[in-house]
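# A closer look at the structure
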Amino acid sequence: MAYWLMKSEPDELSIEALARQGEVRWDGVRNYQARNFLREMSVGDEFFFYHSSCPQPGIAGIARIATAAYPDPTALDPDSHYFDTRATAAKNPWSAVDVVHQRTFRHVLELGLLKQQAALDELQLVQKGSRLSVMPVTPEQWAVIIGLAT
DNA sequence: GCCAACGTTGGC
DNA sequence: GCCAACGTTGGC
């Protein structure tokens, strides 16, 4: 089983909203590196749910991958913010996965706290200039971060 | 294939 | 709202 971290703006989808809905489609990823990671995911993989572009950026909880990657329907929807004129049903370059809520942390693990952990130096999230919204997490990094959540 | 211009991300 | 850093686009 692999571990990941995925970013979401809480205004779009927060861990609380995911907890309410149970299972949602994680769509709108429009970066090839991030998309490639989506395609590497397996059912049962777990990921840290990161809140970005908000008053308290950080890891808010854990969710689980419920489906393998499939073509992202928002790319074909003219009414969607994520519509891509180049995408067709036959040739849709973008992928989505379904995810299930697993755990909401009692407190958000703030970005500043994560940056203080020497053991997380290699995590792409804390590297300067990194904007990747889907990234792998090693088992060691996963354990360190779980240890920060009380 | 280079690279300048542009748009986006995301913390602050 | 600002702006650094990055990815993408498109002219050449």
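Reference entry: report on the structure contained in this document.

What counts, and at which threshold
- Residues numbered from 1 in each chain as written.
- Chains lettered and ligands numbered in written order.
- Predicted model: local features only at pLDDT ≥ 70, side-chain atom pairs only at ≥ 80, totals over all residues.
- Heavy atoms only, no water.
- Helix = DSSP H or I, 4+ residues; strand = E, 2+ residues; numbered from the N terminus.
- Contact = heavy atoms within 4.5 Å.
- Areas by Shrake-Rupley, 256 points an atom, 1.4 Å probe, with all protein chains shown as cover.
- Lys, Arg positive; Asp, Glu negative; His and termini not counted.
- Charge placed at Lys NZ, Arg CZ, Asp CG, Glu CD.
- Salt bridge = Lys/Arg side-chain N within 4 Å of Asp/Glu carboxyl O.
- Buried < 20%, exposed > 50% of the residue type's maximum accessible area, 1.4 Å probe, protein only.
- Near = heavy atom within 4 Å.
- Polar contact = N/O pair within 3.5 Å; in protein donor to acceptor, adjacent residues only side chain to side chain.
- Nonpolar A, V, L, I, M, F, W, Y, C, P; charged D, E, K, R; others polar.
- Pairing = 2+ DSSP bridges.

## A few points about the overall build of chain A
In terms of regular secondary structure, chain A is built from four helices and seven strands. Seen through its principal axes, chain A has C-alpha atoms that stretch 45 × 30 × 30 Å. Long-range pairs, those at least 24 residues apart, make up 73% of the contacts in chain A between residues at least 6 apart in sequence. Summed over its atoms, the accessible surface of chain A is roughly 7900 Å², and 49% of this surface lies on carbon and sulfur atoms. Placing the 14 positive and 18 negative side-chain charges of chain A at their respective mean positions leaves the two points 3 Å apart.

## Some details on the pattern of salt bridges
A full pass over the atoms with the stated rule returns three salt bridges. Arginine 25 is paired through a salt bridge with aspartate 27; the nearest N and O atoms lie 2.8 Å apart. The exposure class of arginine 25 is partly exposed, given its relative accessible area of 37%. Judged by relative accessible area, aspartate 27 falls into the partly exposed class, the value being 22%. Between arginine 86 and aspartate 84 there is a salt bridge; the shortest N-O distance is 3.2 Å.

## Things to note about the protein's contact with DNA strand C
With respect to spatial proximity, the complete set of residues near DNA strand C consists of Tyr32, Arg86, Lys128, Gly129 and Arg131. For DNA strand C, the backbone portion of the atoms within 4 Å of the protein, that is sugar and phosphate, comes to 72%. One of the side-chain N or O atoms of arginine 86 is found 2.7 Å from a phosphate oxygen in DNA strand C. Interatomic distance of 2.6 Å between a side-chain N/O atom of arginine 131 and a base oxygen of DNA strand C.

## Overview of the environment of glutamate 110
Locating glutamate 110 in the fold gives a position in strand 6 (residues 95–110). Along the sequence, glutamate 110 and glutamate 16 sit 94 residues apart, while their C-alpha atoms lie 16 Å from each other.

## Topic: the environment of valine 99
Here valine 99 shows up in strand 6. For the pair valine 99 and glutamate 122, spaced 23 residues apart in the sequence, the C-alpha separation amounts to 26 Å. Setting aside anything within four residues of it in sequence, one finds valine 99 in contact with Met6, Leu18, Gly22, Glu23, Val24, Trp26, Phe47, Arg64, Ile65 and Ala66.

## Details of the protein's contact with DNA strand B
The immediate surroundings of DNA strand B are formed by Lys7, Tyr50, Ser52, Ser53, Pro57, Leu111, Lys115 and Arg131. Residue lysine 7 places a side-chain N or O atom 2.9 Å away from a phosphate oxygen belonging to DNA strand B. In the model, a phosphate oxygen of DNA strand B is placed 2.7 Å from a nitrogen or oxygen of the tyrosine 50 side chain. Here the residues of the surface near DNA strand B sort into three nonpolar, two polar and three charged.

## Regarding the pairing of strand 6
Across four bridges, strand 2 (residues 23–26) lies against strand 6 in antiparallel orientation. Its bridge partner lying in strand 6, glutamate 23 is registered against valine 100. Note: strand 4 (residues 58–65) against strand 6, seven bridges, orientation antiparallel. Across the sheet, the residue bridging to isoleucine 62 is arginine 103, located in strand 6. Note that strand 5 (residues 70–71) and strand 6 share two bridges and pair antiparallel. Paired with proline 71 across the two strands is serine 95, which belongs to strand 6.

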